[in-house]
Amino acid sequence: MLSVHPSIDPAIFTLAPGFRAMSIAVEATSITRPEVASDALKSACQQVIQDDVVWADAHLAAWAEVFRAFGAKAKRTPCSAEALRKRVLRDGTLPAIDPVVDLYNAISIRYALPVGGENIAAYTGAPRLVIADGSERFDTVKEGEVIYESPEPGEVIWRDDQGVTCRRWNWRQGVRTRLDASAQQMWFILESLPAMPLAALQQASDDLISGLQQMMPGAQIGKTLIEAPAS
(Lines give C-alpha, C1' and ligand atoms only; values in the text may rest on other atoms or scores of the structure.)
Protein backbone atom coordinates (compact mmCIF):
# COMPACT_ATOMS: atom_id res chain seq x y z
CA MET A 1 0.00 0.00 0.00
CA LEU A 2 1.15 3.52 -0.79
CA SER A 3 2.52 5.36 2.23
CA VAL A 4 2.90 9.15 2.46
CA HIS A 5 4.55 10.79 5.47
CA PRO A 6 4.01 14.55 5.46
CA SER A 7 5.97 16.60 7.97
CA ILE A 8 4.84 19.73 9.80
CA ASP A 9 7.30 22.41 10.92
CA PRO A 10 6.86 22.95 14.70
CA ALA A 11 6.44 26.68 13.96
CA ILE A 12 3.11 25.83 12.30
CA PHE A 13 1.64 24.61 15.57
CA THR A 14 2.75 27.85 17.23
CA LEU A 15 1.12 29.90 14.48
CA ALA A 16 -2.07 27.81 14.52
CA PRO A 17 -2.52 26.13 17.92
CA GLY A 18 -4.62 23.01 17.67
CA PHE A 19 -4.02 22.53 13.95
CA ARG A 20 -4.63 18.97 12.86
CA ALA A 21 -5.00 17.25 9.54
CA MET A 22 -5.97 13.95 7.99
CA SER A 23 -3.56 12.54 5.43
CA ILE A 24 -5.04 10.06 2.94
CA ALA A 25 -2.91 8.04 0.49
CA VAL A 26 -4.52 6.23 -2.44
CA GLU A 27 -3.30 3.59 -4.88
CA ALA A 28 -5.88 4.32 -7.56
CA THR A 29 -7.74 2.03 -9.92
CA SER A 30 -9.85 2.91 -12.96
CA ILE A 31 -12.83 5.14 -12.30
CA THR A 32 -15.99 3.19 -13.12
CA ARG A 33 -18.61 5.43 -11.45
CA PRO A 34 -17.84 9.11 -12.08
CA GLU A 35 -21.41 9.98 -11.15
CA VAL A 36 -20.48 9.46 -7.49
CA ALA A 37 -18.49 12.69 -7.64
CA SER A 38 -21.12 14.72 -9.50
CA ASP A 39 -23.82 13.58 -7.08
CA ALA A 40 -21.63 14.44 -4.08
CA LEU A 41 -20.86 17.90 -5.47
CA LYS A 42 -24.51 18.66 -6.14
CA SER A 43 -25.51 17.51 -2.65
CA ALA A 44 -22.75 19.54 -0.98
CA CYS A 45 -23.77 22.72 -2.80
CA GLN A 46 -27.39 22.25 -1.74
CA GLN A 47 -26.32 21.73 1.88
CA VAL A 48 -24.34 24.97 2.00
CA ILE A 49 -27.38 26.89 0.84
CA GLN A 50 -30.08 25.04 2.78
CA ASP A 51 -28.65 23.41 5.92
CA ASP A 52 -25.05 24.36 6.63
CA VAL A 53 -22.92 22.72 9.33
CA VAL A 54 -23.02 24.66 12.61
CA TRP A 55 -19.26 25.24 12.85
CA ALA A 56 -18.80 26.55 9.31
CA ASP A 57 -18.62 30.28 10.05
CA ALA A 58 -16.38 29.82 13.09
CA HIS A 59 -14.02 27.50 11.24
CA LEU A 60 -13.64 29.78 8.24
CA ALA A 61 -13.16 32.78 10.55
CA ALA A 62 -10.40 30.88 12.35
CA TRP A 63 -8.67 30.19 9.03
CA ALA A 64 -8.93 33.86 8.10
CA GLU A 65 -7.24 34.77 11.39
CA VAL A 66 -4.41 32.31 10.76
CA PHE A 67 -3.92 33.71 7.25
CA ARG A 68 -3.66 37.23 8.69
CA ALA A 69 -1.16 35.96 11.26
CA PHE A 70 1.35 35.02 8.54
CA GLY A 71 0.71 38.14 6.49
CA ALA A 72 -1.85 36.98 3.92
CA LYS A 73 -4.82 39.20 3.12
CA ALA A 74 -7.66 36.85 3.97
CA LYS A 75 -10.28 38.75 1.94
CA ARG A 76 -8.13 38.77 -1.20
CA THR A 77 -6.63 35.30 -0.80
CA PRO A 78 -9.03 33.28 1.39
CA CYS A 79 -8.47 29.67 2.35
CA SER A 80 -9.55 27.20 -0.30
CA ALA A 81 -12.76 26.15 1.47
CA GLU A 82 -14.00 29.72 1.83
CA ALA A 83 -13.23 30.48 -1.82
CA LEU A 84 -15.23 27.46 -3.00
CA ARG A 85 -18.17 28.19 -0.72
CA LYS A 86 -18.33 31.83 -1.84
CA ARG A 87 -18.74 30.63 -5.41
CA VAL A 88 -21.53 28.26 -4.36
CA LEU A 89 -23.37 31.00 -2.47
CA ARG A 90 -22.98 33.32 -5.46
CA ASP A 91 -23.83 30.87 -8.27
CA GLY A 92 -25.77 28.12 -6.50
CA THR A 93 -23.41 25.42 -7.76
CA LEU A 94 -19.89 24.63 -8.94
CA PRO A 95 -19.05 23.46 -12.46
CA ALA A 96 -17.64 19.95 -12.84
CA ILE A 97 -13.87 19.81 -13.36
CA ASP A 98 -12.76 16.20 -12.96
CA PRO A 99 -14.32 13.32 -10.95
CA VAL A 100 -11.55 13.20 -8.35
CA VAL A 101 -11.35 16.98 -8.03
CA ASP A 102 -15.14 17.26 -7.86
CA LEU A 103 -15.27 14.69 -5.07
CA TYR A 104 -12.72 16.35 -2.83
CA ASN A 105 -14.23 19.77 -3.56
CA ALA A 106 -17.57 18.36 -2.41
CA ILE A 107 -16.02 17.34 0.90
CA SER A 108 -14.43 20.76 1.28
CA ILE A 109 -17.73 22.54 0.61
CA ARG A 110 -19.84 20.27 2.80
CA TYR A 111 -17.54 20.46 5.82
CA ALA A 112 -16.18 24.04 5.46
CA LEU A 113 -12.79 22.34 5.39
CA PRO A 114 -9.71 23.02 3.25
CA VAL A 115 -8.96 19.84 1.27
CA GLY A 116 -5.98 19.43 -1.03
CA GLY A 117 -5.51 16.71 -3.61
CA GLU A 118 -2.11 15.98 -5.15
CA ASN A 119 -0.53 13.62 -7.65
CA ILE A 120 1.99 12.28 -5.16
CA ALA A 121 3.94 10.49 -7.91
CA ALA A 122 5.03 13.95 -9.11
CA TYR A 123 6.61 14.76 -5.75
CA THR A 124 10.33 14.76 -5.07
CA GLY A 125 10.59 13.67 -1.46
CA ALA A 126 7.80 13.93 1.11
CA PRO A 127 5.32 16.80 1.49
CA ARG A 128 6.33 19.40 4.08
CA LEU A 129 4.32 22.23 5.63
CA VAL A 130 6.82 24.98 6.45
CA ILE A 131 7.42 28.70 6.74
CA ALA A 132 8.85 30.06 3.48
CA ASP A 133 12.10 32.01 3.37
CA GLY A 134 11.14 33.55 0.02
CA SER A 135 13.72 31.74 -2.13
CA GLU A 136 11.47 28.81 -3.02
CA ARG A 137 10.05 28.41 -6.54
CA PHE A 138 6.36 27.96 -7.33
CA ASP A 139 4.88 27.13 -10.72
CA THR A 140 1.53 28.62 -11.67
CA VAL A 141 -0.37 29.67 -14.79
CA LYS A 142 -0.85 33.22 -16.02
CA GLU A 143 -2.57 34.03 -19.33
CA GLY A 144 -2.34 30.39 -20.32
CA GLU A 145 1.41 30.11 -19.75
CA VAL A 146 3.30 28.42 -16.91
CA ILE A 147 5.29 30.97 -14.95
CA TYR A 148 7.41 30.83 -11.82
CA GLU A 149 7.11 33.00 -8.74
CA SER A 150 8.27 32.89 -5.14
CA PRO A 151 6.28 33.04 -1.92
CA GLU A 152 6.66 35.92 0.50
CA PRO A 153 9.12 35.37 3.36
CA GLY A 154 7.13 34.13 6.35
CA GLU A 155 4.34 32.68 4.19
CA VAL A 156 3.09 29.20 5.06
CA ILE A 157 3.64 26.79 2.18
CA TRP A 158 3.42 23.14 1.30
CA ARG A 159 6.54 22.03 -0.53
CA ASP A 160 8.72 19.09 -1.50
CA ASP A 161 12.43 18.86 -2.30
CA GLN A 162 11.87 20.51 -5.68
CA GLY A 163 9.80 23.53 -4.69
CA VAL A 164 6.46 24.89 -3.53
CA THR A 165 3.40 22.75 -4.22
CA CYS A 166 0.79 25.02 -2.60
CA ARG A 167 1.06 28.71 -1.67
CA ARG A 168 -0.46 30.49 1.33
CA TRP A 169 -1.08 27.22 3.15
CA ASN A 170 -4.00 25.93 1.08
CA TRP A 171 -4.83 28.85 -1.18
CA ARG A 172 -3.37 27.91 -4.58
CA GLN A 173 -1.91 24.62 -5.80
CA GLY A 174 0.95 24.43 -8.27
CA VAL A 175 0.94 22.90 -11.75
CA ARG A 176 3.57 20.19 -11.32
CA THR A 177 1.71 18.12 -8.72
CA ARG A 178 -1.85 18.89 -9.81
CA LEU A 179 -4.23 15.97 -9.42
CA ASP A 180 -6.76 14.55 -11.85
CA ALA A 181 -8.48 11.24 -12.48
CA SER A 182 -5.57 9.87 -14.53
CA ALA A 183 -3.21 9.79 -11.52
CA GLN A 184 -2.22 6.39 -10.21
CA GLN A 185 -1.00 7.60 -6.81
CA MET A 186 -3.06 10.22 -5.01
CA TRP A 187 -2.59 12.11 -1.78
CA PHE A 188 -5.23 14.15 0.02
CA ILE A 189 -4.77 16.42 3.00
CA LEU A 190 -7.78 17.62 5.03
CA GLU A 191 -6.79 20.55 7.26
CA SER A 192 -8.69 21.71 10.33
CA LEU A 193 -8.53 24.07 13.28
CA PRO A 194 -10.12 23.57 16.72
CA ALA A 195 -13.32 25.38 15.69
CA MET A 196 -14.14 22.22 13.73
CA PRO A 197 -14.85 19.17 15.92
CA LEU A 198 -12.41 16.29 15.57
CA ALA A 199 -15.34 13.95 14.99
CA ALA A 200 -16.31 16.05 11.97
CA LEU A 201 -12.78 15.80 10.56
CA GLN A 202 -12.96 12.04 10.98
CA GLN A 203 -16.34 11.94 9.24
CA ALA A 204 -15.12 14.13 6.38
CA SER A 205 -12.19 11.79 5.78
CA ASP A 206 -14.47 8.75 5.93
CA ASP A 207 -16.82 10.36 3.40
CA LEU A 208 -13.92 11.08 1.04
CA ILE A 209 -12.64 7.51 1.33
CA SER A 210 -16.12 6.09 0.80
CA GLY A 211 -16.57 8.19 -2.32
CA LEU A 212 -13.21 7.16 -3.72
CA GLN A 213 -13.96 3.49 -3.07
CA GLN A 214 -17.31 3.79 -4.84
CA MET A 215 -15.76 5.56 -7.84
CA MET A 216 -12.77 3.27 -8.17
CA PRO A 217 -13.48 -0.17 -6.68
CA GLY A 218 -10.36 -1.93 -5.51
CA ALA A 219 -8.38 1.22 -4.72
CA GLN A 220 -6.07 0.81 -1.74
CA ILE A 221 -6.54 3.64 0.73
CA GLY A 222 -4.97 4.49 4.07
CA LYS A 223 -5.34 7.49 6.36
CA THR A 224 -3.33 9.05 9.18
CA LEU A 225 -4.29 11.78 11.66
CA ILE A 226 -1.63 14.47 12.09
CA GLU A 227 -1.57 16.46 15.33
CA ALA A 228 0.90 18.49 17.34
CA PRO A 229 3.33 16.24 19.22
CA ALA A 230 2.66 15.88 22.93
CA SER A 231 4.68 18.35 24.98
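Bear in mind the structure is a predicted one, so any value in this text is a computation, not a measurement.

1. Description of the sheet that holds strand 11 (residues 220-226)
Here comes step 1: One open sheet accounts for 4 strands, arranged 3-10-2-11; its pairing is antiparallel. The open sheet is flanked by strand 3 (115-119) and strand 11, the only strands paired with a single partner. On average, each strand axis in the sheet is inclined to that of its neighbour by 15°, with strand direction left out of account.
Here comes step 2: Strand contacts of helix 5 (residues 99-111): strand 3 and strand 10 (185-192), with the helix running at about 160° to strand 3, the strand carrying the most contacts.

2. Observations concerning the packing of aromatic side chains
Here comes step 1: This structure, assessed with the given rule, holds 10 aromatic pairs.
Here comes step 2: Each ring, one from Phe67 and one from Phe70, has its centre 5.2 Å from the other, and the planes form 50°; the classification is tilted.
Here comes step 3: Judged by its relative accessible area of 1%, Phe67 is buried.
Here comes step 4: The rings of Phe13, Phe19, Trp63, Phe67, Phe70 and Trp169 are connected pair by pair, giving a single aromatic cluster.
Here comes step 5: Residue placement shows Arg137 over the ring face of Tyr148; its charged tip is 3.8 Å from the ring centre.
Here comes step 6: When the ring centre of Trp171 is taken as reference, the NZ or CZ atom of Arg168 above it lies at 4.6 Å.

3. Focus on the layout of surface pockets
Here comes step 1: Roughly 790 Å³ of internal volume is contained in the largest pocket.
Here comes step 2: Around the largest pocket sit 33 residues that line it, and Ser80, Tyr104, Trp171, Arg172 and Gln173 are the ones nearest its centre.
Here comes step 3: Going through the elements one at a time, helix 4 (80-91), helix 5, strand 3, strand 5 (138-142), strand 8 (164-167), strand 9 (172-173) and strand 10 are the ones with two or more residues in the lining of the largest pocket.
Here comes step 4: Considering only residue class, the lining of the largest pocket consists of 16 nonpolar, 10 polar and 7 charged.

4. Overview of helix 2 (residues 35-50)
Here comes step 1: Spanning 16 residues, helix 2 covers 22 Å between terminal C-alpha atoms, matching the ideal 22 Å at 1.5 Å per step.
Here comes step 2: Of all the residues in helix 2, the buried ones are Val36, Ala37, Leu41, Ala44, Cys45, Gln47 and Val48. In an axial view of helix 2, the angular spread of the buried residues amounts to 160°, which keeps them on one side of the axis. Counted as exposed and oriented over 90 degrees from the buried face of helix 2: Asp39, Lys42 and Gln50.

5. Here's the deal with the UniProt feature "domain: B3/B4 tRNA-binding" (unreviewed entry) in the protein chain
Here comes step 1: With numbering aligned to this structure, UniProt lists the feature "domain: B3/B4 tRNA-binding" (unreviewed entry) at residues 61-217.
Here comes step 2: Secondary structure content for residues 61-217 is 33% helix and 24% strand, while the C-alpha to C-alpha distance between its ends is 37 Å.

6. Concerning the side chain of Glu155
Here comes step 1: Mapped onto the elements of the fold, Glu155 is located in the loop between strand 6 (145-149) and strand 7 (156-159).
Here comes step 2: Under the relative-accessibility criterion, Glu155 is labelled buried at 3%.
Here comes step 3: Ignoring anything within four residues of it in the chain, the contact list for Glu155 reads Phe70, Val130, Ile131, Ala132, Arg167 and Arg168.

7. Examining the packing of helix 2 against helix 5
Here comes step 1: The contact between helix 2 and helix 5 brings their axes to 8 Å, and the two run at 25°. If you check the angle between helix 2 and helix 5, you find them roughly parallel. The way helix 2 lies across helix 5 gives a crossing that is left-handed. Residues Ala37, Ala40, Leu41, Ser43, Ala44, Cys45, Gln47 and Val48 of helix 2 form the contact with helix 5, whose own contacting residues are Pro99, Asp102, Leu103, Asn105, Ala106, Ile109 and Arg110.
Here comes step 2: In terms of residue class, the contact of helix 2 with helix 5 is made up of 10 nonpolar, 3 polar and 2 charged.

8. Describing the packing of helix 2 against helix 4
Here comes step 1: Contact geometry for helix 2 and helix 4: axes closest at 10 Å, N-to-C directions at 75°. By the criterion of interaxial angle, the relationship of helix 2 to helix 4 is roughly perpendicular. Counted together, Cys45, Val48 and Ile49 of helix 2 and Arg85, Val88 and Leu89 of helix 4 form the full contact between these two elements.

9. Some remarks on the pairing of strand 4 (residues 128-131)
Here comes step 1: Pairing of strand 1 (residues 7-8) with strand 4 involves 2 bridges; the strand directions are parallel. Note on strand 4: the bridge partner recorded for Ser7 is Arg128.
Here comes step 2: Relative to strand 7, strand 4 runs antiparallel, the two sharing 4 bridges. Bridge assignment links Arg128 to a residue of strand 7, and that residue is Arg159.

Reading guide: rules and limits
- The residue numbers shown here count from 1 along each chain, following its written sequence.
- It should be noted that, the model being predicted, local features are given only for residues of pLDDT at least 70 and side-chain atom pairs only at 80 or more, the latter also being counted only at that level, while totals for whole chains, interfaces and linings use all residues.
- Values shown for side chains rest on all heavy atoms present in the structure; no hydrogens or waters enter the calculation.
- Pairing between strands requires that DSSP locate at least two bridges from one strand to the other.
- Secondary structure is summarised from DSSP: a helix means a run of H or I of at least four residues, a strand means a run of E of at least two, and numbering begins at the N terminus for each.
- Here the axes come from fitting lines to C-alpha atoms, over the contacting stretch only for helices, and the angles between their N-to-C directions go from 0 to 180 degrees.
- By definition in these notes, contact holds between two residues if any of their heavy atoms fall within 4.5 Å.
- Classification of ring pairs uses Phe, Tyr and Trp, with its six-membered ring standing for Trp, and accepts pairs whose centres are within 6.5 Å; under 30 degrees between planes counts as stacked, over 60 as edge-to-face, and the remaining range as tilted.
- Burial status follows relative accessibility: with a 1.4 Å probe on protein chains alone, a residue under 20% of its type maximum counts as buried, one over 50% as exposed, and anything between as partly exposed.
- Counting as a charge over the ring demands two things of the Lys NZ or Arg CZ atom: a distance within 6 Å of the ring centre and an angle within 35 degrees of the ring normal.
- Only protein atoms enter the 1 Å grid, on which a cavity is a set of points fitting a 1.4 Å probe that cannot get out and a pocket is an open set with protein on both sides within 12 Å along at least 5 of 7 lines, lining residues being those with an atom within 4 Å of a point.
- Grid points are joined across faces, edges and corners, and a volume is the space filled by probe spheres set on the points.
- Each residue gets one of three labels, nonpolar for Ala, Val, Leu, Ile, Met, Phe, Trp, Tyr, Cys and Pro, charged for Asp, Glu, Lys and Arg, and polar for the others, Gly among them.
- Multiply 1.5 Å by the residue count of a helix minus one, and that product is the helix's expected span.
- Read the arc as the range of directions from the helix axis to the C-beta atoms.
- UniProt positions are given in the numbering used here, feature names are shortened, and annotations may be inferred rather than shown by experiment.
- Every angle not falling under 35 degrees, over 145, or within 65 to 115 is termed oblique; those three ranges are roughly parallel, roughly antiparallel and roughly perpendicular.
- It is the rotation of the near helix from the far one that decides the hand of a crossing: anticlockwise by less than a right angle makes it left-handed, clockwise makes it right-handed.

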